[in-house]
Amino acid sequence: IEVGGRVVADPVVRVPAERRGVGMVFQSLELWPHMTVAENVAFGLPGRPRGRAALAHARVREVCAQVGLPEALHRRRPPTLSGGERQRAAIARALAPSPRVLLYDEPLANLDPERRAEIRRLVRRLRAETACTVLYVTHDAAEALEMGDAVAVLEAGRVVDGGTPEQVYAHPRTLASARALGAVSEVPARAVAGGFETAFGAFPAPGAAASHPPAASAQVAVLRPEQVGPATSGVAAEILDAHPVAGGYAFSARLAPSGALVVGRSGSRLATGATVRLALAGSPAFVPAEGGS
């Protein structure tokens, strides 16, 4: 493991955790219930100030103000705080020693939606205000897309995709990556010279793949819900389900005659069981089918 080019752990080197310049915000927060907020925040500072020394410490006061913890809470103990206040105290404790790298392990998993949005805004602001690199782990696709300058998708402990949030969302390299970042339709595709054939028609292959189609492996066209919608002409489909979402309606449908299932968006409610025509906005991304390469 290297931090800023410096080896902190390998078969020979074992730099003690407190000297690695790494801060950590745990999913369960791990605040010490017998300590005040000020003492928790001061835990990683030289001398580990306690009592009045922690309350008066300039760095404690600085980071508490930075994360929005008022002075009235500095003497309180974690069990007496709200979930959002405990989250801010945990972030302040991680920031206090001025780490080079700050790790967040699913930090919002135990918060209600309103508090989650509030702490996300805080984390984004702190990322802009501090010099440390932030590594944020989450199973929430919306969180990953909102929080990251760069996104890495892991499957079975291995990185299978990476890039900007926009790149990985619109152009995933694997099915696992496509599924990790939100709802997706998986439509079988056949590689042909220069492109792919699907139930929605033929599409050119991107880049170098246009002249070297992966004909030996099964392919899948992956579609995001906002790409699929009703149209006057397109592929016939039966609506299986429809329900309201922000800004319109979501639906699922079965394409005829292939039987492929898709999810999409509509400006008006579609009746379950109705036959409609569906078309695509833009081109799909094409990835190997499961078991392909």
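Scroll up to find the structure this text is about.
What counts and how
- Residues numbered from 1 in each chain as written.
- Predicted model: local features only at pLDDT ≥ 70, side-chain atom pairs only at ≥ 80, totals over all residues.
- Heavy atoms only, no water.
- Pairing = 2+ DSSP bridges.
- Helix = DSSP H or I, 4+ residues; strand = E, 2+ residues; numbered from the N terminus.
- Axes fitted to C-alpha atoms, helices over the stretch in contact; angles between N-to-C directions.
- Salt bridge = Lys/Arg side-chain N within 4 Å of Asp/Glu carboxyl O.
- Buried < 20%, exposed > 50% of the residue type's maximum accessible area, 1.4 Å probe, protein only.

### A word on the sheet that holds strand E3 (residues 22-25)
Strand order in this open sheet of three strands is E3-E4-E5, and the pairing throughout is parallel. The open sheet has two free edges, formed respectively by E3 and strand E5 (133-137), since each of these has just one partner strand. Each neighbouring strand pair of the sheet contributes to a mean axis angle of 15 degrees, computed without reference to strand direction. The sheet contact formed by strand E4 (residues 101-105) and E5 spans five bridges and is parallel. Pairing of Asp-105 across the sheet is with Val-137, part of E5.

### Overview of the sheet that holds strand E10 (residues 201-204)
Read across the open sheet, the five strands follow the order E10-E9-E8-E11-E16; overall the sheet is antiparallel. One side of each edge strand has no neighbouring strand; the edge strands of this open sheet are E10 and strand E16 (285-288). Adjacent strand axes in the sheet meet at a mean angle of 40 degrees, parallel and antiparallel pairs treated alike.

### Remarks on the pattern of salt bridges
Within this structure, the stated rule accounts for 16 salt bridges. When the shortest N-O distance is used, the salt bridge between Glu-39 and Arg-50 registers 3.5 Å. One end of the pair, Glu-39, is in helix H1 (residues 37-41); the other, Arg-50, is in the loop between H1 and helix H2 (51-56), and 11 residues separate them in sequence. Where Asp-149 meets Arg-127, a salt bridge forms, and the shortest distance between an N and an O atom there is 3.8 Å. Of this pair, Asp-149 sits in the loop between helix H6 (141-147) and strand E6 (151-155) while Arg-127 sits in helix H5 (residues 113-129), and the two are 22 residues apart along the sequence. When its relative accessible area of 58% is taken as the criterion, Asp-149 is described as exposed.

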